[in-house]
Structure formats: C-alpha cells, structure tokens
Amino acid sequence: MTRDGAKRVLLLTTPSSYRTEAFLHAARRIGVEVVQAVDLPAPLSREWNVPLGLDFARPVEAAERIVNYVADHRPFHAIISVDDSATVLAAMASARLGLPSNAPESALAARDKLRMRELLAEHGVPVPVFHRFAAMIEPAEVAPMVDYPCVVKPTRLSGSRGVIRADDEAEFVAAFERTRRIIEAEGHALATADVLVEAFVPGFEVAVEGLLTADGLQVLAIFDKPDPLDGPFFEETIYVTPSRLSVGSQAAIADCTARGAAALGLRH
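So, how was this worked out
Residues numbered from 1 in each chain as written. Predicted model: local features only at pLDDT ≥ 70, side-chain atom pairs only at ≥ 80, totals over all residues. Heavy atoms only, no water. Axes fitted to C-alpha atoms, helices over the stretch in contact; angles between N-to-C directions. Helix = DSSP H or I, 4+ residues; strand = E, 2+ residues; numbered from the N terminus. Parallel < 35°, antiparallel > 145°, perpendicular 65-115°, else oblique. Contact = heavy atoms within 4.5 Å. Nonpolar A, V, L, I, M, F, W, Y, C, P; charged D, E, K, R; others polar. Buried < 20%, exposed > 50% of the residue type's maximum accessible area, 1.4 Å probe, protein only. Pairing = 2+ DSSP bridges. Phe/Tyr/Trp six-rings, centres within 6.5 Å; stacked < 30°, edge-to-face > 60°. Lys NZ or Arg CZ within 6 Å of the ring centre and 35° of its normal. Polar contact = N/O pair within 3.5 Å; in protein donor to acceptor, adjacent residues only side chain to side chain. Right-handed = clockwise from strand over helix to strand, strands pointing away. Salt bridge = Lys/Arg side-chain N within 4 Å of Asp/Glu carboxyl O.

Colleague: Can you walk me through the packing of helix α5 (residues 104-111) against helix α6 (residues 113-122) in this structure?
Modeller: Axis angle and axis distance: for two packed helices, these are the angle between their axes and the distance between the axes, and together they describe the pair. Running from N to C, α5 and α6 cross one another at 105°; their axes reach a closest spacing of 5 Å. As the angle between them shows, α5 and α6 are arranged roughly perpendicular. In this structure, α5 uses A109, A110 and R111 to contact α6, whose residues at the interface are K113, R115, M116 and L119. Within the contact of α5 with α6, the residues separate by chemical class into 4 nonpolar, no polar and 3 charged.

Structure, rendered in structure tokens:
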C-alpha cells in the first residue's frame, strides 16, 4: 500500500492512445495512484513532464529501466499495459519485480499471430490451416503452394493492418507485397520478419471481452460484428452487444476462448 493506503500502478501507454484517459478516470474513481510510462524518447518525456519515458520496441532495456525506477521510488502493486504494444514489456518487468502477470512467453504468444497459431494447434484448439513465409521471399514462387481463398497478414501488427484476402495467385502476390511494405513502414526489418498466410474462414465474427484469473475466464461481453468481414480488407467497424447469438453459441465461444487462453499459457 502507499502511505495513504491506496494501490499504486504503473500504466504503460503510447502518446496517441485513446484508452489512457479512460484508465486514468477509472483509477481516480476507485482511488488508485497511477504513474504513467510512455513510449517516448527520454528527452521528449522530460519536455512533456512524463515520469518515465521508455522504448517499447526494446522491452529488455525498458524492463531494466522500470526496475531501476522502482529502486529509486516506491514499489508498484501492478504494471498494466493499455494495449498490446507493451504487454510483453509489462510481463517482463512484472516478472523481475515479483508482480502478478502472465509469463513473458505467454504475453509474446498473445501478440505474435504465428506463435499463437502454433500453440493453439498443439493444444487442439481450432485454427485455420496456416503457413509461415519469410517476408523476403519472392511471393510468386510460393503462390502455387497456397490454397485459395487465403488471408495474408503480418505476425505482429494489430488493428487489421496488412491483413488482406487473396482469391488467386495474382491477388496473393499483390497482397504479399503490400503486406511486406506495411511491415517495413512500421519499422520492422524485413530480413527477420515473417508473413502469416492462412485459409480464409467464412462466417460471422465476434469479439470477446473478459477477465482471466486463477478462477478461470469471466466473460464480460460478447460483441457481434454485423458488417460482413469477407475482405479484401478487414476494417473494424461496428460492435454490437448484447450478442444476438443463441445461448449455446455464446457458451461455445466462451469455452473456445478459455481453451485458447490456456493453450497460450495466459493466466492473468
């Protein structure tokens, strides 16, 4: 506890995140003290009076800075990432400080689409047929190996960036090259990047919000996505809740989500 008995958390956020203010508002309502760590260069963080500027792209170094910050200040009760850009960093720093969190390997699996597919398949959780290709390959050479329709996607970008459907070999080549340009534009080295190609799965799509604790998964809401998501691009549009799906379908979705979380090793 802090001196006045309040919990104290470190909030990992980005300068442009729309989620930060909601977290800060909630913290004020329940009396939680928040220290912000922002994905910023140190000089800019000082200019903006940000308590802790970190490079989220270098999680090992950033975790070390968090540990040193705690040594010079009061400890935290939790480290929270407001989005997936710092989940691995939060897990690394929490492990170093003995705070409750997921294992860093599990946090990485939840971010890396390829590793996620591998673990889900290993544990018998349904996944589409998928292939890994090095980003630097010549897509025309592997296009005959792919079944169509398929979806081409980066392994670590979020927000449906670079996720493109291809219905034949010519579309596959164009989609692969476009995804590769997006990966490079996001600052990732193509020489070490992978591209995930998986079978297109027709049907409706949902989003699940829940809390995962030692007692298991507690589903907070299932959101329907009423707009068809058939490609070639998959922009996030409308979310609707409560879901219009049957009770049985919602139970099956919750069960599959819980199995998927367990396969990745997520626990918190």
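Colleague: Got a minute to help me understand helix α4 (residues 87-97) in this structure?
Modeller: Quick reminder: α-helices carry 3.6 residues per turn. Residues three or four places apart thus point the same way. Every buried residue belonging to α4 is among V88, L89, A90, A91, A93 and S94, and all of these are buried. Packed against the buried residues of α4 are β1 (8-13), β3 (52-54), α3 (59-72), β4 (78-81) and α5. G98, located one to two residues past α4, shows a positive phi value of around 70°.

Colleague: Whenever I open this one, the sheet that holds strand β6 (residues 150-154) confuses me. Can you help?
Modeller: Two pairing modes exist for strands in a sheet, parallel and antiparallel, and in both the strands are linked by backbone hydrogen bonds. One open sheet holds the 4 strands; their spatial order is β5-β8-β6-β7, and the pairing between them is antiparallel. In the strand order of this sheet, the two ends are held by β5 (130-134) and β7 (164-166), each with one partner. Averaged over all pairs of adjacent strands, the angle between their axes in this sheet comes to 25°, without regard to strand direction. In this structure, β6 lies alongside strand β8 (residues 194-199), joined through 5 bridges in antiparallel fashion. Looking across to β8, one finds that V151 is bridged to E198. Strands β5, β6, β7 and β8 of the sheet are contacted by helix α8 (residues 169-185), whose axis makes an angle of about 15° with β6.

Colleague: Help me out: how do you make sense of the sheet that holds β1 in this one?
Modeller: With parallel pairing, 4 strands are arranged side by side in an open sheet as β3-β2-β1-β4. If you trace the sheet from one side to the other, it starts and ends with β3 and β4, each paired once. Neighbour-to-neighbour, the strand axes of the sheet open up by a mean angle of 25°, direction not taken into account. Bridge analysis of β1 against strand β2 (residues 33-39) gives 6 bridges, and the strand direction is parallel. Bridged to L12 within β2 is A37. Across the sheet, α4 is in contact with β1, β3 and β4; its angle to β4 comes to roughly 175°.

Colleague: In this structure, what is going on with the packing of aromatic side chains? I would like to understand it.
Modeller: The description of an aromatic ring pair uses the distance of the two centres, along with the angle that the planes make with each other. Taken as a whole and assessed by the stated rule, the structure comprises 4 aromatic pairs. Both rings, one in Y69 and one in F76, keep their centres 6.2 Å apart while their planes meet at 10°; by these two values the pair is stacked. Where Y148 meets F172, the ring centres are 6.4 Å apart and the plane angle is 75°; that geometry is what we call edge-to-face. Placement of Y148 in the loop between α7 (139-142) and β6 and of F172 in helix α8 is noted, with a sequence separation of 24 residues between them. Among the aromatic residues, those joined into a cluster by ring pairs are Y148, F172 and F176. Seen from the ring of F200, R165 lies directly overhead, with NZ or CZ sitting 4.2 Å from the centre.

Colleague: I'm lost on α6 in this one. Help?
Modeller: Listing the buried residues of α6 in full gives K113, L114, R117, L119 and L120. For α6, the secondary structure elements touched by its buried residues are α5, β5, β6, β8 and α9 (247-264). Where α6 begins, one side-chain oxygen reaches toward the backbone nitrogen of L114, 3.0 Å away; that side chain belongs to D112. G124, located one to two residues past α6, shows a positive phi value of around 75°.

Colleague: Would you mind going over the pairing of β2 with me for this structure?
Modeller: Successive side chains on a regular strand alternate, one facing one side of the sheet and the next facing the other. Viewed along the sheet, the connection from β1 through helix α1 (residues 20-30) into β2 turns out right-handed. Running through helix α2 (residues 42-47), the crossover from β2 to the neighbouring parallel element β3 is right-handed.

Colleague: Please clarify how the packing of α4 against α5 should be interpreted in this entry.
Modeller: Across the interface, α4 lies against α5 with an axial gap of 8 Å and an inter-helix angle of 175°. Considering their axes alone, α4 and α5 lie roughly antiparallel with respect to each other. For the pair formed by α4 and α5, the contact residues are T87, V88, A91 and M92 on the first element and P104, A107, L108 and R111 on the second. A breakdown of the residues in the contact of α4 with α5 according to their chemical character gives 6 nonpolar, 1 polar and 1 charged.

Colleague: Would you explain the pattern of salt bridges in this entry?
Modeller: Think of it this way: side chains of opposite charge can pair up when their charged atoms draw near. Applying the stated rule across the entire model yields 17 salt bridges. The residue E33 makes a salt bridge to R74 at a minimum N-O spacing of 3.2 Å. Of this pair, E33 sits in strand β2 while R74 sits in the loop between α3 and β4, placing them 41 residues apart in sequence. Note that E118 is salt-bridged to R115, the shortest N-O span being 3.3 Å. Linking E118 with R115, this pair stays in helix α6, spanning 3 residues, or about one helical turn. In this structure E118 comes out as partly exposed when scored by relative accessible area, which is 29%.

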